Amino acid sequence: MKVGVLDYGIGNVKSVYRLCKKFSSVQIVGPQDPWEDYNLIILPGVGSFDHAVQLTNASNLQAQLPLHLSKGGFILGICVGMQVLLESSEEGVLPGLALVEGCLKKLTSSPGYPVPHMGWSEVSTTDFPFFVEGEFYFTHSYALSKETFDADGYQTLKSTYHDDIFAGFFRDNIFGVQFHPEKSGTNGRDFLENIINYVDGSAL
Amino acid sequence: MKKRLIPVLQLNGRKLVKTRDLRDPIYIGDPINACRIFSEKNASEILLCNIKGSKDRIIDFEHLEEICSESFVPLAYIGGVSQITDFDRLFGMGIEKVGVDQLLLTKPEIVEDAVRKYGSSSVMASITVQKTRFRGNYFARSVNNVASKFELSDALNIAKDAGCGEFVIHASYNEGTYRGIDDVLVSRLPLWLNNYPVTYMGGIGSESDVGDVFESTFFTGVGLGSLCVFSGQRSGILVRYPNLSYS
């Protein structure tokens, strides 16, 4: 079982790498590196949507990621690393990679709920595999739209920030989370370890 | 969502210190070790403040990376950020949020570039507030620890226009004094600030001060200096994280 943390020019690559190193064989990998040996590729995320999309396009990830999936590999996108897997975001004008249907809409602030949504929120699920409910760290202004949230075929994570928000999904070997497991203390560590164990158990 | 209780680690070179009104640093210990302790205690966030950074414009990236390696909770950094490559290096090593102070007042266009590249939620406006002695007016503080030409409201507007997604209001004149929250300062803040996550720091010296911040204001975070490094008022060094929870 090998994990690759993808360095495509954005994101807190080393934070994710440091956490994964605690319980898995992990390397920081570039878009042009061979990925055959990696069961799970993680796209970290700190950044704006358009900037991240520009980098994914420049790195040829629109071809690399589907190829990885077609060989039975898994992907985990974190924050903007998840967002770029979708079709579009109100934050930018560029199209996303569209590996997952759906778009991101700007959160609306209301009294007691400023935007960005920043801090630790409870995350729950009814169907997401192996997920242990608890508090995770969020920092974002855009979230998956309700339409995507209701779409068929997703196993989902939910949170609440005034309204229900979409905190994560799993479908067709793609995990995506809006929160930052690498910065969510013991809950985040358990979450990442469980994903890695799940992928390990699914590996052919 | 829970309010954020944020240990503020003041860096003086490679030493962890605690100042009073950003002066007279007292040596506390090793910031790497302190960061590890707060991370293990699942602190809401950790804020690293390079107290000489704004003046000297020197960031010790190598040391920061060592500190980052010990944190599995969110890390923010303030001090001496002056160019877009500073943002690149800080985010790359594992800082989640980069704070800008003097850069906002001198080159807001660089802050705008950083927001475009990294998103508003990653760029934090840190306004170090100076209170004038006689009239009690509030200004943003300059690098020389005196009031700049920017009134507080002007500085906040510059940050909003630059696209910053979070604000830190640092009542520096209260820092290390245990005076609690400055209610007058809070009353002078513009209403639009309620729409943003805002952290207050400076003078929070007791658990009841923390309660005052969250029960009487709109702040979503509080920066804790003395409360996290002293056992008494500027005496007895004890790195600790208060067992408090506010929603």
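Just above, that's the structure.
Residues numbered from 1 in each chain as written. Chains lettered and ligands numbered in written order. Predicted model: local features only at pLDDT ≥ 70, side-chain atom pairs only at ≥ 80, totals over all residues. Heavy atoms only, no water.

Caption draft 1: Seen up close, the pairing of strand 10 (residues 155–161) of chain A. Residue and element names in this part refer to chain A. Relative to strand 10, strand 7 (residues 117–124) runs antiparallel, the two sharing two bridges. Note that in strand 10 the partner of V123 across the bridge is S159. Across seven bridges, strand 10 lies against strand 11 (residues 163–171) in antiparallel orientation. Its bridge partner lying in strand 11, S159 is registered against I165. Following strand 10, the chain reverses through one residue before pairing antiparallel with strand 11; H162 in that reversal takes a positive phi of roughly 70°. (Pairing = 2+ DSSP bridges. Helix = DSSP H or I, 4+ residues; strand = E, 2+ residues; numbered from the N terminus.)

Caption draft 2: Summary view of the sheet that holds strand 10 of chain A. Residues and elements named next belong to chain A. As summarised here, the arrangement of the nine strands in space is 2-1-3-4-12-11-10-7-8, forming an open sheet in which the pairing is mixed. Edge positions in the sheet fall to strand 2 (25–29) and strand 8 (134–140), since each has one partner strand and no second. Along the sheet, successive strands turn relative to each other by an average axial angle of 25°, direction set aside. Strand direction decides the pairing type here: strand 4 (residues 74–78) and strand 12 (residues 174–177), joined by four bridges, are parallel. Residue pairing in the sheet places I75 in a bridge with I174 of strand 12. Along the sheet face, helix 3 (residues 61–70) touches strand 1 (2–6), strand 3 (40–43), strand 4 and strand 12 and points at about 130° away from the line of strand 4. (Axes fitted to C-alpha atoms, helices over the stretch in contact; angles between N-to-C directions. Contact = heavy atoms within 4.5 Å.)

Caption draft 3: Up close: the nonpolar core. Ranked by size, the top nonpolar core spans 80 residues in total, and within it L48 and F87 of chain B carry the most contacts. Beyond its immediate stretch of four places on either side in the chain, F87 of chain B contacts V81, V98, V100, L103, I110, A114, Y118 and V123 of chain B. Formed by 35 residues, the second largest nonpolar core is a distinct cluster that contains V13, L19, Y161 and A167 of chain A. (Core = buried A, V, L, I, M, F, W, Y, C linked by side-chain atoms within 4.5 Å. Buried < 20%, exposed > 50% of the residue type's maximum accessible area, 1.4 Å probe, protein only.)

Caption draft 4: Representation of the packing of aromatic side chains. Applying the stated criterion to the full structure yields 33 aromatic pairs over all chains. When the centroid spacing of 5.1 Å and the interplanar angle of 85° are considered together, the rings of Y113 of chain A and Y161 of chain A count as edge-to-face. One end of the pair, Y113 of chain A, is in the loop between strand 6 (103–106) and strand 7; the other, Y161 of chain A, is in strand 10, and 48 residues separate them in sequence. Assessed through its relative accessible area of 7%, Y161 of chain A is described here as buried. An aromatic cluster of three or more residues is present, and its members are F74, F128, F130, F131, F136, F138, F170, F175, F179, F191 and Y198 of chain A. R89 of chain B extends its terminal NZ or CZ atom over the ring of F61 of chain B, reaching a point 3.9 Å from the ring centre. The ring of W192 of chain B is capped by K160 of chain B, whose NZ or CZ atom sits 4.4 Å from the centre of that ring. (Phe/Tyr/Trp six-rings, centres within 6.5 Å; stacked < 30°, edge-to-face > 60°. Lys NZ or Arg CZ within 6 Å of the ring centre and 35° of its normal.)

Caption draft 5: Highlighting helix 7 (residues 152–162) of chain B. Residues and elements named next belong to chain B. Within the sequence span of helix 7, burial applies to L152, A155, L156, A159 and A162. Taken around the axis of helix 7, the buried residues stretch over an arc of 125°, which confines them to a single face. Phi turns positive one or two residues past the end of helix 7, at G163, with a value near 100°. (Arc of directions from axis to C-beta.)

Caption draft 6: Up close: empty space enclosed by the protein. Tallied over the full model, the rule gives four cavities of 30 Å³ or more. There is about 160 Å³ of room inside the largest cavity. As for the largest cavity, its lining consists of 18 residues, and the residues nearest its centre are G47, C79, T139 and H140 of chain A together with S121 of chain B. Breaking the lining of the largest cavity down by element, the ones donating at least two residues are helix 4 (80–83) and strand 8 of chain A. A breakdown of the residues in the lining of the largest cavity according to their chemical character gives five nonpolar, 11 polar and two charged. (1 Å grid on protein atoms, 1.4 Å probe; cavity = no way out; pocket = protein on both sides within 12 Å on 5 of 7 lines; lining within 4 Å. Points joined across faces, edges and corners; volume = space filled by probe spheres on them. Nonpolar A, V, L, I, M, F, W, Y, C, P; charged D, E, K, R; others polar.)

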